[in-house]
Each structure stands twice: as C-alpha cells, then as structure tokens.
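What follows is each chain in one-letter form.
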There are 2 protein chains.
Amino acid sequence: MNNLFEALRNPGSVAVVGASPDRRKIGNAVLENLVRYGYSGRIYPVNPSCNEIFGLRCFPSLDGIDQAVDVAVIALPAEKSVEVLDQCVRNSSKFVIMVAGGFSELGEEGRKLEAQVRARINGTGTRVIGPNTVGVLFPHSALNTALTPNDRIYYPGKGSVAFISQSGALGLLVMDSITEFGMGVSGFVNIGNRVDVTEVEVLSMFMHDPNTRSIVLYLESISDGAAFFSKAREASLTKPVVLLKTGRSEESSRAASFHTGAMATDDRVLDGVLRQAGVIRAYDEVELLDYGRALAYQPPPSGDRIAVITTAGGVGVVTTDLLTTSHDGIRLRMASFSSEEKDELKKYALPIASVNNPIDLTADGSSEAYAAILNVLVESDNVDGIIAYALPQTPKIGVDIVDPLKVASRKKTLVAGVIGNRLSKSLLVELEKAGIPAYPSIGRATNAMKALYCYGVYRRRLLDGN
Amino acid sequence: MNNLFEALRNPGSVAVVGASPDRRKIGNAVLENLVRYGYSGRIYPVNPSCNEIFGLRCFPSLDGIDQAVDVAVIALPAEKSVEVLDQCVRNSSKFVIMVAGGFSELGEEGRKLEAQVRARINGTGTRVIGPNTVGVLFPHSALNTALTPNDRIYYPGKGSVAFISQSGALGLLVMDSITEFGMGVSGFVNIGNRVDVTEVEVLSMFMHDPNTRSIVLYLESISDGAAFFSKAREASLTKPVVLLKTGRSEESSRAASFHTGAMATDDRVLDGVLRQAGVIRAYDEVELLDYGRALAYQPPPSGDRIAVITTAGGVGVVTTDLLTTSHDGIRLRMASFSSEEKDELKKYALPIASVNNPIDLTADGSSEAYAAILNVLVESDNVDGIIAYALPQTPKIGVDIVDPLKVASRKKTLVAGVIGNRLSKSLLVELEKAGIPAYPSIGRATNAMKALYCYGVYRRRLLDGN
C-alpha cells in the first residue's frame, strides 16, 4: 500500500481534468496552483475546448495521454466527475482527486452517485480521494492541487507536520494561518467524503513518510473505528498523532452530519479509546497545529518538572498558574532547584531578579545572562522541560536569544513563548526557522508543553504494552 | 475621590523627576513617551544636572516649579524615590508615580522603605501609584508615562477597554499585542506594589470614566477583598469587569509572592465571590483582553440561543462543538429556526448550502447573500446572539462584509471570527475599526460569546438583587 501512496505523495505526472483558462473556474485555480507552486513533473491539462493553457499543451480527454498518470484531479461538477472516472480507469491513473461537492453531504441522490464512484473503480488499480475535497499539498515534492487561488490563501512550504482534514475549507484556512510565522507542513490531504481512500490509509502513508514527524487530523467522524484505532496506535509509537474530533455534543454531531454526512460516536467512549491509542486531543484548529508543531519539533519531557524562564514576572506567574492547574486533566509541576543550582543561577541573575522558579531576569536581563541560565537548566537533573519566554520589553534581549534557545532545545524539551506585536512577530519567525516550537501567548505555550508531556506518558504506556 | 482621580486621568501638568538626556536611563524613556505620545499639558523635566531635555526647560527640583503638578513621575532608584516624596508633598503634587522596583517584592528592607513612603504622604493631599510600576497610559488625554521606549513596545490608541494590571511588564506586553489589529484602551494603570492607591480606587475611577465601557484586571492578589468585591459589584451593573487572578494553585501563589509580594486566597472561595459580584474570569492574558473587548463593544445576548454563519462547513461544526460543550461551566444552545425562517434563508442560500444552524454558505457564498442572511438572523425571535465568520477562502466575500456585520451588530449581539493570514489580518483591522469584536480563531470567538452570555446572566442576577 505504501508504495502505491508514493504516487500520491511524490507523483511523476498530474492531469487536471476540467483545466480552464477561465479564472472563474476551479480548473483554472487548480492548474495555476500546480504550476505556481513549482511542480516539476509532467502536467496534463485536460479540456476538449482548449489547445493550450498556461503554455501547457491541453488534451481533449485522458484517453489522449500516452502514459498512466499518477494523479488525476477532476475539477468538474459532480455527475460529470463520475463519468470521467471511466477515462481514469482506462488510463490506469493511480489516484483520482474528485473535487466536486454535491454527493452524500446532500442526501440520497448524492449517496447514489457515491455508490457509482465505488462501482466504477471497483476491482481496478485506481484509487479515489474525495469527492468534496479541496485537494492535496505536498511541499517536499512541490505538489499543490488545491482549488483556492494563491491570492486568497497562502500555502505553507516544507515542514514536518502532516495534516489530514475531513473539511476542505477549514484545512485551507488553517494552512493560510500557519504561514504567518513561516510554519511548513510535510503534507496536507483533504479526504472529503472519503468514498474510497480514508483517513486510515492517509495516516499510514504519513507514518511511513520520512518528511513527517507528527500527524494532525481534523475529523467529524471516524470511518472505521477499529482500523483507525489500530493504525493510530501503531503510528503513535514513532510519530505523535493529534486529533481534533468534533461531535462532542448531540448538536455538533447534527451539524457535522449536514456538513460531511458524518455519524455520531459517543465522545466519552472515544476519549478512552484515543488515550489507549496514544492520541493527543485538540479542541480547536489552533490547538491542533500548536500541538502538532510541538510534537514534531521536540521530544516529550522525561518527567513533569518544568522550569520557566522569563523577563516579566507576571508572565511567569500566569505560566505557573496554568502549568500547575488542570487543562484536559493534565497538571505539571514546577521544578525545584538544588541549593547548588540556585547558587549557580545567582551568578547570572541580577540582585533584583528571582532565582526561584519561575526565574525572572526582569527587564534588565541580558541575552548573556539568559543563555547562561538556560545552560544551568539544561544541565539540571531537577528539570524535565523548559518554557522560555523571549519578550520584547527587555532592551538587552533580542533575536540573539534564538541561538542559545536552539542549543538548549536540542538538549532538553523546550517550548518558547513570545508576547507582543512587531518585535515578537520577528522573534516568532526566527524561532520557527530554528525549529523551536514558539507560541504567541502564555496559554498556548503552556498547553503545548502539556501536550508534549501527555505524549510522553502515552508513549511509555504503549511501549510497556499497557 | 473621583474628582481627584480626574487629575490622574487627564492631568494639566506632568513632572518627570529623573528626566535624562541619557538614552540608557528610564527617565529618558518616560519623558520621550510623554512627548511623543502627544501630551499637550505642561511638562516639567526635573534633573539638577541639565538645563534642557528634548527642548524642554529642565528644573533642578520640584521646589523650583511654581505650580502644583497633577502628576509627578519619579524615575529614580528606590531610596532616592522615597526622598523625593518630600518635594512632591511640598509641591502639593496630586499623584506621584513611583517607578522604581526594589521594595516589598525584595523582602524586609523593601517593606521598611514602603512604610517610609506611607509615612511621608500620610495626611497630605499627595497620592502614590506604585512603587514598582511601569506607569500609566490614558490615550484620551494623550498621556503616556510608560518606561519602555516606543521602539520596543507599541502603545495602543483611544479605545473603550480599561486595563488595570498589578504586573508592569505583562501590562506592556499585552498593550503591545493588542496594537496588532488596532485595538485601543481607555486607560492602563500599573498599580505595582500599591503602597497607597489600590485596584479598588482605580476600578472606581474607570467606573466613572465616560470613555470606559469595560474594565479588565490582572491581579496576583487582592488588596482588600471586601472593598474589591463591593466595588466590582457596583461597577458590574454598568460596566462589565473581567479578572485574571493568579494563585489558583499553591505553586503559583508562591510564584506571585516572589513577584509582587502577593498573599494567597483560596481560589474556590474567590470564584464564588466573583460570581456574586458579576465578575467574569479569564485564565490568561489573551482571554482577558478578548473578553474585555467583547464586553466593551457588544451588549450581552438576551438568551443562550446562538446562530452561526459560515462559509466553511468545518468551521461551523467546530463552533457548534465548542458552543454546546462546557468552557468554565458555560454551555450555549444552537438556535433553531422556524420553517418560515428556513424558507426565508433558502432564498439567499445556494442549493448546496445548508440553512440549518450553522448556516454554511460554502465557498460560493457572496457578500449579498451573507448580508441578507444576517438580516434574517437579526430579525429572528429564535436567535439571541450571532457568531459570524468572515473567511478569506471565499472569493465573493471581502471587506465589503464589514458594513453588514456592523449594521447587524447594532441590532443583535454579534461576535466575528476570522481565520487565516493576509486577508484575515486586514479583515480583523476593519472589523476592529467598525467596533465589532473579532477573533482570529474559533475557540476565541466562541469563548467571547460565552463571556458575553455569562455577563448577561450575572447582570440580571445583580439587578434582581440575588
């Protein structure tokens, strides 16, 4: 199976059926994204009424193409899309991305159309993604089949977080969001109505993908509980899995059923099952990518004793509050320093600064003192993880703090917090470049550390076979 | 008392004791902020070794100034600051802002110094803010006495949220943060060690301030529980009060005691008391300003039935999930439309769109259809509040959505949600200008609506005398 999915993740050729020079058509945006994002394989626009689009020779149908394409994107209305499947099968296309909506999410008629999709590919080597999908993005192979133009949505570059989404628009919006500080992804797949390929196979693909270090999923329903549980458990051993699963109340299950035709699951049952599979839960789209990023960039802490370094006392106090009280059942402890460590810390702290935990260097703190203190924390046997704040109100601390933070983060689990506007934004960009999970609020930094801790606990249990 | 505080909020004259041409000195930054922020009253730099700073005549001491200044900022080290108080008293200065740290937060010696402060102003008309304060900001009178230069921290402009903070640095960082989308404040006061003026008097000042519509507080401890409770309850009737109070665990109480010398309170007791006083709780700095903004810009919904309008199905589903499950004990309901309303909604929705709640216009939705649907929601007796998403993946919806949202928000409680990067950021700026509380994530938008609802419930109880 994984060899097969290599054709999706890194295809040698892509056809766009319904490619169009008309900017109002989806087939125009798909082809433009493919070209602009830098895809270097063969591209076959398919449209019987055009000779050329974007300087590429256009084919009247897939039947005119003399190779089996790895990926065929069908950017046509629902019924037409289904008809074109026969061409895809004749072409021996490996993957078909069916963009059109208007299937099971609209009811009985749509369900019949989906049955037709299954019938047409049944017993063939052709696999279908969608329908009702905005497409896929694989930055490491420069593949972008998304249907929204780049002037509305920015697409992320190369990264190590894989993102599987049942919802297309939410997926696009989240990808646009994460470009703010330069975060990338290893891939994005909008599984849509998953008439054929489900989240389980995509999860398996990313599990075997060398570019992927963590996998995040947005699901409104789970297609096959047992298969998902088993695959997630397997994946969790090597790559942390984060899930945003809606339908936690009766009302939201109903909302999901109108959206993707999803069926409800009892959320408490699901919660227990996910815990056993080692899956971290997120509750909105920001948490989903926050946790995915922490887990991709950092190993879990070896215990629950956290040191906090700050140059703003209040930031340390709020962090302590959030770390030591429960969020989704997780509570951590503040590390206690030995008297030798306190003596060591005092060397670098100003007389006014606090060498208790949180360590507050105050606004007079310098990058040098900060780096020296980080080093003490990294070497300490009393510290399992570090939350380090880089705050712009401190004149003697600037972007030069990023290198010491990077060094520390290679030795001990570290999450960075940044608060503010202009200087903070540039710090967030630099921290992201350095591969340090950094967050623009105390709550988000703290919860990211909790997610890392949680994964560590789950993973140890999985390894112990419990 | 309120006439007195008028001299702080809108002073006719400000002295800066310790003003300096040396850019490394705090007295330099304070004077520069005062001048650059546009303060138009009399400014008196005080420094015996200078004749002129920033083109302003410099005085050797307050004794040389022939008027009683409304505000004297003392930007000198701790012991010197205490000595200068006698000059302030002789000058009949109304408010003294004592910037220096090194008082009770450092222990016994500092507590003695604070006792001296109290002794020196005892029985005089001079009031002290601080020590250990970064200063105050009152945009409506163009007063900025903050100690951090503008190249590190952006200061907000005029707004309707008042911000009282026990921590200075956290206050500065939060102010810098909120400038991102152009949010303003009616005032900011860092009470610091509150040796004289406490949060209760500042709360009272903002309660009577016509520019203030909501009041948010960051406190590590409460100076006088009964007085705070009583004043907060009084304020809550006309101006919503939001509190971020740390010390929820034993460990964080300890962290706070090192920071501002704060003493612990039992958090469960506090929770009940705050509820009775009508105070909304926040748990980090982002929530604090998110709720303050919602409560300043919008009245509470008259009930718990919320309509959600979106152009991304998944966004509607996650919103439903978060609205209908508990956050800090608050759960809301999805509004149910009558069949007449559904018929009306269908006129504007595309065939593929859902007219159930959430209403999903899909990526084909237009600003016209969106505006028409908003109008149906505003007129509906089945809807108490609206969460409206303005999402950039939708080609036919742009900044033109802001006007209809503004109109709707004047008729029914409305909170906007925006997800994404470039286009979303510009939408957030325009929504802020229009006075609509808008948030860059589903969780934040949903929690803001919950805060509004919560305030409505508390306020009705207060009015009923329960």
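Here is what the cut-offs are and how they apply
Position labels on residues start from 1 in each chain and follow its written sequence. Naming scheme: in the order in which they are written, chains are lettered from A and ligands are numbered from 1. Per-residue local features are limited, in this predicted model, to residues with pLDDT of at least 70; the limit for side-chain atom pairs, both in listing and counting, is 80 or more; totals at the level of whole chains, interfaces and linings are taken over all residues. Labels follow the DSSP assignment, with helices taken as runs of H or I lasting at least four residues and strands as runs of E lasting at least two, numbered in each case from the N terminus. Only C-alpha atoms enter the radius of gyration, while the globule expectation follows 2.2 Å times N to the 0.38, with N the number of residues. The exposure label follows from counting other C-beta atoms within 10 Å of a residue's C-beta, where the C-beta atoms are placed from the backbone and the thresholds are 20 or more for buried and 12 or fewer for exposed, leaving partly exposed in between. By the convention adopted here, residues are in contact when the distance between their C-beta atoms, placed from the backbone, does not exceed 7 Å. Just so you know the grouping, Ala, Val, Leu, Ile, Met, Phe, Trp, Tyr, Cys and Pro go in nonpolar, Asp, Glu, Lys and Arg go in charged, and all remaining residues, Gly too, go in polar. Pairing between two strands is assigned when DSSP locates at least 2 bridges connecting them. Simply put, an axis is a line fit to the C-alpha atoms, just over the touching stretch for a helix, and the angle between two N-to-C directions goes from 0 to 180 degrees. The copies are overlaid by a least-squares fit using only the C-alpha atoms of residues whose pLDDT is at least 70 in both copies. The domain boundaries here were taken from an automatic or database domain assignment. Given the number of residues in a helix, its expected span is that number minus one, multiplied by 1.5 Å. Of all possible arcs, the one meant is that of the directions from the helix axis to the C-beta atoms. Here the word oblique covers every angle except those under 35 degrees (roughly parallel), over 145 (roughly antiparallel) and from 65 to 115 (roughly perpendicular). Left-handed describes a crossing whose near helix is turned anticlockwise from the far helix by less than a right angle; the clockwise case is right-handed. By convention, a crossover is right-handed whenever its connection, traced from the first strand over the helix to the second and viewed with the strands pointing away, goes clockwise. Values of pLDDT, the confidence the predictor places in each residue, fall between 0 and 100.

Engineer: Is there a simple way to think about the overall build of chain A in this case?
Structural biologist: For chain A, the helix and strand inventory stands at 16 helices and 20 strands. Taken over the C-alpha trace, chain A has a radius of gyration of 24 Å; the compact-globule value for 466 residues is 23 Å, and the two agree within 12%. Along the three orthogonal principal directions, the C-alpha set of chain A runs to about 80 × 50 × 35 Å. Within chain A, the proportion of its 466 residues that are buried is 62%.

Engineer: Would you mind going over the interface of chain B and chain A with me for this structure?
Structural biologist: For an interface, size is often stated in terms of accessible area lost upon the parts coming together. At the interface, 63 residues of chain B touch 62 residues of chain A. Contributing elements (two or more residues each) for the side of chain B that touches chain A: α5 (168-178), α8 (250-260), α10 (285-297), α11 (313-324), α15 (422-433) and α16 (442-463) of chain B. Of the residues forming the side of chain B that touches chain A, the biggest block, 10 residues, is contributed by α11(B). Partitioning the side of chain B that touches chain A into residue classes produces 28 nonpolar, 24 polar and 11 charged.

Engineer: What am I meant to see in the sheet that holds strand β2 (residues 42-46) of chain A here?
Structural biologist: Adjacent strands of a sheet form backbone hydrogen bonds with each other and so pair up, either parallel or antiparallel. Residue and element names in this part refer to chain A. A sheet is described by the order of its strands in space; here 5 strands give the open sequence β2-β1-β5-β6-β7, paired in parallel fashion. Among the strands making up the open sheet, the edge pair consists of β2 and β7 (127-129). Across this sheet, the average inter-strand angle for adjacent strands is 20°, counted without regard to direction. For strand β5 (residues 71-74) and strand β6 (residues 95-98), the ladder comprises 4 bridges, and the chain directions are parallel. Note on β6: the bridge partner recorded for A72 is V96. On the sheet, helix α2 (residues 26-36) packs against β1 (13-17), β2 and β5 and is oriented at approximately 160° with respect to β1.

Engineer: Would you take a moment to explain the relation of the copies chain B and chain A for this structure?
Structural biologist: In this structure, two copies of a chain are linked by a rotation about an axis accompanied by a shift along it. With an RMSD of 0.0 Å, the fit of chain B onto chain A corresponds to turning through 180° and sliding 0.0 Å along the axis. Those values place the two copies in the arrangement expected of a two-fold rotation axis. When C-alpha distances to the rotation axis are compared across chain B, the minimum falls at B:H327, with a value of 5.5 Å. Both copies contact each other with a shared surface, as 98% of the interface residues of chain B are interface residues in chain A too.

Engineer: It is not clear to me how the domain arrangement of chain A should be interpreted in this structure. Could you clarify?
Structural biologist: All names here are of chain A. The domain boundaries assigned to chain A delineate domain 1 (2-295) and domain 2 (299-463). Inter-centroid distance (C-alpha atoms) of domain 1 to domain 2 is 37 Å. Each side of the interface is counted separately: domain 1 has 17 residues, and domain 2 has 18 residues. Elements with a minimum of two residues in the side of domain 1 that touches domain 2: α7 (225-238), β14 (280-282) and α10 (285-297).

Engineer: Would you mind going over the sheet that holds strand β7 (residues 127-129) of chain B with me for this structure?
Structural biologist: Residues and elements named next belong to chain B. The 5 strands are arranged β2-β1-β5-β6-β7 in an open sheet whose pairing can be described as parallel. Only two strands of the sheet have a single partner each, and these edge strands are β2 (42-46) and β7. Ignoring which end each strand starts from, the neighbouring axes of this sheet average 20° apart. Here 5 bridges tie strand β1 (residues 13-17) to β2, and the two strands are oriented parallel to one another.

Engineer: Which parts of the structure should I look at to understand helix α13 (residues 367-379) of chain A?
Structural biologist: The periodicity of an α-helix, 3.6 residues per turn, causes residues three or four positions apart to be oriented the same way. Residue and element names in this part refer to chain A. An ideal rise of 1.5 Å per residue puts 18 Å on 13 residues; α13 measures up with 18 Å between its terminal C-alpha atoms. Taken together, the buried positions of α13 are occupied by A369, Y370, I373, L374, V376 and L377. For α13, the buried positions fall inside an angular range of 160° around the axis, keeping them on one side. For α13, the elements touching its buried residues are β15 (305-310), α12 (339-348), β17 (359-360), β18 (385-389) and α14 (402-409).

Engineer: How should I be thinking about the packing of helix α3 (residues 78-91) of chain B against helix α4 (residues 108-121) of chain B in this particular structure?
Structural biologist: How two helices pack is summed up by the angle between their axes together with the distance between the axes. All names here are of chain B. The interhelical angle for the contact between α3 and α4, taken along N-to-C directions, is 5°, at an axis separation of 9 Å. Here α4 runs roughly parallel to α3, going by the angle between their axes. Between α3, through A78, E79, V82, L85, D86 and V89, and α4, the contact on the second element is made entirely by L113, Q116, V117, R120 and I121. Of the residues contributing to the contact of α3 with α4, the split by class is 7 nonpolar, 1 polar and 3 charged.

Engineer: Could you clarify how one ought to interpret the environment of B:V315 in this entry?
Structural biologist: By secondary structure assignment, the location of B:V315 is in helix α11. As for B:V315 and B:G55, which are separated by 260 residues in sequence, their C-alpha atoms are 56 Å apart. When residues no more than four places from it in sequence are discounted, the contact partners of B:V315 are A:A169, A:L170, B:T310, B:Y389, B:L391, B:I419 and B:I442.

Engineer: Would you take a moment to explain the packing of helix α11 (residues 313-324) of chain A against helix α16 (residues 442-463) of chain A for this structure?
Structural biologist: Residue and element names in this part refer to chain A. At a minimum axis separation of 10 Å, α11 and α16 run at an interaxial angle of 45°. Our classification of the angle between α11 and α16 gives oblique. Between α11 and α16 the crossing geometry is right-handed. Where α11 approaches α16, its residues V315, V318, T319, L322 and L323 are matched on the opposing element by I442, G443 and T446. Of the residues belonging to the contact of α11 with α16, the class tally is 5 nonpolar, 3 polar and no charged.

Engineer: Explain the pairing of strand β6 (residues 95-98) of chain B here, please?
Structural biologist: Working note: regular strand, side chains alternate between the two faces of the sheet. All names here are of chain B. Going residue by residue along β6, you find F95 and I97 tucked away on one face and V96 and M98 tucked away on the opposite face as well. The parallel pair strand β5 (residues 71-74) and β6 is bridged by α3, and the resulting crossover is right-handed. Summarising the sheet, β6 and β7 pair through 3 bridges and their orientation is parallel. Bridge assignment links F95 to a residue of β7, and that residue is R127. For the crossover that starts at β6, traverses α4 and ends in the parallel β7, the hand is right-handed.

Engineer: Just to check I follow, could you spell out α11(B) for this structure?
Structural biologist: All names here are of chain B. Helix length check: α11 (12 residues) gives 17 Å between terminal C-alpha atoms against 16 Å at 1.5 Å per residue, within 8%. Taking burial as the measure, the 12 residues of α11 include 12 buried ones, the bulk of the element. Those residues of α11 that sit buried are G313, G314, V315, G316, V317, V318, T319, T320, D321, L322, L323 and T324.

Engineer: Hey, could you run me through the confidence of the model for chain A in this one?
Structural biologist: Close inspection of predicted coordinates is inappropriate in any region flagged by low pLDDT. For chain A, per-residue confidence averages 94 on the pLDDT scale, and 97% of positions sit at 70 or higher. Confidence estimates for the predicted assembly give a pTM of 0.96 and an ipTM of 0.95.

Engineer: Would you mind going over unusual backbone geometry with me for this structure?
Structural biologist: Outside of glycine, negative phi angles account for most residues, and trans bonds account for most peptide bonds. For the peptide bond that leads from A:N357 to A:P358, omega is 5°, which places it in the cis range. Structurally, A:P358 can be placed in the loop between α12 and β17. Put simply, B:G130 and B:P131 share a cis peptide bond, and its omega is 0°. Relative to the helices and strands, B:P131 resides in the loop between β7 and β8 (136-138). Phi angles above zero are rare outside glycine, and A:D328 is one such case at about 50°.

Engineer: Which parts of the structure should I look at to understand the environment of A:I359?
Structural biologist: Residues and elements named next belong to chain A. Along the chain, I359 falls in strand β17. Taking the C-beta count within 10 Å as the criterion, I359 has 25 such neighbours and is therefore assigned buried. Between the alpha carbons of I359 and Y154 there is a distance of 39 Å; along the sequence they are 205 residues apart. Apart from the residues within four sequence positions on either side, I359 is in contact with V308, I309, L345, S354 and I373.

Engineer: How should the environment of B:F188 be read in this particular structure?
Structural biologist: Residue and element names in this part refer to chain B. Tracing the backbone through its elements, the reader meets F188 in strand β11 (residues 185-190). For F188, a count of 25 C-beta atoms within 10 Å puts it in the buried group. Taking the C-alpha atoms as reference, F188 lies 38 Å from T394; in sequence the two are 206 residues apart. Setting aside its immediate chain neighbours within four residues, F188 contacts V136, L137, F163, G171 and M175.

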